[in-house]
Amino acid sequence: MRIAVTGRDGQVATALAEYGAAHGVEVVRVGRPALDLAAPESVRAALAAVRPDVVVNAAAFTAVDLAESQAQAAFAINAAGAGAVAEAARALEAPVIQLSTDYVFDGEKPAPYHEDDATGPVSVYGASKLAGERAVAAATEDHVILRTAWVYAASGKNFVRTMLRLAQERDAVRVVADQRGCPSYAPDIAAAVIAVARNLAAHPRDAALRGVFHLTGQGEATWAQLAEEVFAQARAAGGKGAAVIPITTAEYPTPARRPRNSRLDGAKLARVHGVVLPEWRQSLARCVARIYDTERQGEPGA
Ligand SMILES: NC(=O)c1ccc[n+]([C@@H]2O[C@H](COP(=O)([O-])OP(=O)(O)OC[C@H]3O[C@@H](n4cnc5c(N)ncnc54)[C@H](OP(=O)(O)O)[C@@H]3O)[C@@H](O)[C@H]2O)c1
């Protein structure tokens, strides 16, 4: 099976390439300048050159706060760009897997979100990703939309790496304690995406396998609890942690609003595709261990 993935150095794109290399799946990353989601006319030829069995759109305008002041770019990439990827996939007669986000919800539900719960994004980023879901669904029936959340990896820009860096600089870190979600490790997401891709390729006309699914790590945490666990695991690995000072969202104003409740229910993905991600603490331990291993390998004499 050959999978074309949009994006080059993104967390999920990188993890897909690594997972493919380790499991005998050909994963070809296609990114700028050949494929630029802001230039929809570039998409078709770039994907056609790969001759993929499945297309995964893992590229996006992911800077949530910046999107508030760059709405046009966010919509061009996350909505029109996603639609162009799905149209190209249809032309190639390949299913498309679109990565989406918990931020399509307003966060006011007191329980984890199901796929058919009403959406209501509270940020430009969330609105642009929801428009992307709709553009993909309008372009081809042969699609899966995987909403994930709170993504982290051993490289790239993410909360876990930010916390580890802050622990080097200070003894205490103020972290928001009134937003709740499901931390999701990019390599776990990659394994799940490839399992879904295999199912789609094996059952080309099975409508039950298509549609919207929620894909996140098992369990839940606040950002403050996630930070506590990052520091506990850093200390266990011989590194430095910091004290976590819990604060409210109101005490940490950002350009974009974020949902209070970002928890996604993954039961549908488990039932239909047989995919369940590990509990988030287990995956976080793998990630922190990998970060320290990489650092040690980089040390002189290591
Ligand atoms: N990060 C999260 O916490 C989170 C949460 C929920 C959902 N998601 C969704 O999950 C997916 C993967 O996220 P991620 O964390 O892997 O993202 P990421 O690490 O921020 O990477 C974004 C990727 O998009 C590519 N990209 C950006 N603009 C592009 C353009 N105009 N044309 C082509 N490629 C472009 C980047 O290309 P380069 O490699 O060239 O820089 C990069 O590969 C996205 O759909 C995102 O919306 C993420």
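**Some thoughts on helix 4 (residues 71-91)**
For an α-helix the count is 3.6 residues per turn, leaving residues at separations of three or four pointing the same way.
Item 1. Spanning 21 residues, helix 4 covers 29 Å between terminal C-alpha atoms, matching the ideal 30 Å at 1.5 Å per step.
Item 2. The sharpest bend along helix 4 measures roughly 30 degrees and falls at Gly81.
Item 3. Residue Glu93 follows helix 4 closely and has a positive phi angle near 55 degrees.

**Notes on the site of the ligand**
Item 1. The local shell around the ligand holds 28 residues, among which Gly7, Gly10, Ala59, Leu99 and Val151 are the closest.
Item 2. For the shell around the ligand, the secondary-structure elements that each account for two or more residues are helix 1 (11-23) and strand 4 (96-101).
Item 3. The greatest single-element share of the shell around the ligand, amounting to three residues, is contributed by helix 1.
Item 4. A class-by-class count of the residues in the shell around the ligand yields 14 nonpolar, nine polar and five charged.

**Things to note about the nonpolar core**
The tendency in soluble globular proteins is for nonpolar side chains to be buried side by side.
Item 1. Within the largest apolar cluster, 96 residues are counted, with the highest numbers of intra-cluster contacts made by Val12, Leu16, Val193 and Val230.
Item 2. Here the element with the most residues in this core is helix 4; it accounts for ten residues.
Item 3. Once residues within four sequence positions are removed from consideration, Leu16 is found in contact with Val5, Val27, Val56, Ala58, Ala190 and Val193.

**Brief notes about unusual backbone geometry**
Item 1. The peptide bond linking Arg32 to Pro33 adopts the cis configuration, its omega dihedral lying at 5 degrees.
Item 2. Inspection of the secondary structure puts Pro33 in the loop between strand 2 (26-30) and helix 2 (43-48).
Item 3. Even without being glycine, Trp150 reaches a positive phi, approximately 45 degrees.
Item 4. As for its position among the elements, Trp150 is in the loop between strand 5 (143-148) and strand 6 (151-152).

**Considering the sheet that holds strand 3 (residues 54-57)**
Item 1. On the basis of which strands lie adjacent, the open sheet formed by six strands has the order 2-1-3-4-5-10 and parallel pairing. Two strands in the sheet have a free side with no partner beyond their single neighbour: strand 2 and strand 10 (211-214). The average undirected angle you get between the axes of adjacent strands in this sheet is 25 degrees.
Item 2. Bridge count for strand 3 against strand 4 is three bridges, and the pairing is parallel. In the strand pairing of strand 4, Asn57 is matched with Gln98.
Item 3. This element, helix 1, spans strand 1 (2-6), strand 2, strand 3 and strand 4 of the sheet and lies at about 155 degrees to strand 2.

**Some points on the environment of Ala38**
Item 1. When you line up the elements, Ala38 lands in the loop between strand 2 and helix 2.
Item 2. Using a count of 13 C-beta atoms within 10 Å as the deciding quantity, one classes Ala38 as partly exposed.
Item 3. A sequence separation of 38 residues divides Ala38 from Ala76, and the C-alpha atoms of the two residues are 5.6 Å apart.
Item 4. Discounting chain neighbours no more than four positions away, the residues touching Ala38 are Ala73, Ala76, Ile77 and Gly81.

**Let's talk about the packing of helix 8 (residues 223-236) against helix 10 (residues 280-298)**
Item 1. The N-to-C vectors of helix 8 and helix 10 enclose an angle of 50 degrees; their axes lie 10 Å apart at closest approach. By the angle between their directions, the pair helix 8 and helix 10 is classed as oblique. The way helix 8 lies across helix 10 gives a crossing that is right-handed. Along its contact with helix 8, which presents Glu229, Val230, Gln233 and Ala234, the element helix 10 presents Arg281, Leu284, Ala285 and Val288.

Parameters at a glance
Within any chain, residue numbers begin from 1 and follow the written order of that chain's sequence. Note on the predicted model: pLDDT of at least 70 is required for a residue's local features to be given, and 80 or more for side-chain atom pairs to be given and counted; whole-chain, interface and lining totals, by contrast, use all residues. Each helix is a run of H or I in the DSSP string that is no shorter than four residues. Each strand is a run of E no shorter than two, and both are numbered from the N terminus. Multiply 1.5 Å by the residue count of a helix minus one, and that product is the helix's expected span. Note on bend: the value at a residue is the angle between axes fitted to the seven residues ending there and to the seven starting there. Nearness here is judged by the C-beta atom: place it from the backbone, and if it falls within 6 Å of a molecule or strand, the residue counts as near that partner. Side-chain classes follow a simple rule in which Ala, Val, Leu, Ile, Met, Phe, Trp, Tyr, Cys and Pro form the nonpolar group, Asp, Glu, Lys and Arg form the charged group, and the remainder, Gly included, forms the polar group. A set of buried residues qualifies as a nonpolar core if it consists of Ala, Val, Leu, Ile, Met, Phe, Trp, Tyr and Cys joined through C-beta atoms within 7 Å. Burial is judged by counting the other C-beta atoms within 10 Å of a residue's own C-beta: 20 or more makes it buried, 12 or fewer makes it exposed, and any count in between marks it as partly exposed, with every C-beta position built from the backbone. Note that contacts rest on C-beta atoms placed from the backbone: two residues are in contact if these are within 7 Å. Here, strands pair whenever DSSP counts at least two bridges between them. All axes here are fitted lines through C-alpha atoms, helices being fitted over the stretch that makes contact, and every angle between N-to-C directions spans 0 to 180 degrees. Note that the term roughly parallel is reserved for angles under 35 degrees, roughly antiparallel for angles over 145, roughly perpendicular for angles of 65 to 115, and oblique for everything else. A crossing counts as left-handed when the near helix is turned anticlockwise from the far one by less than a right angle, and as right-handed when that turn is clockwise.

Note that every value here comes from positions in space, so none of it alone points to a role or purpose.
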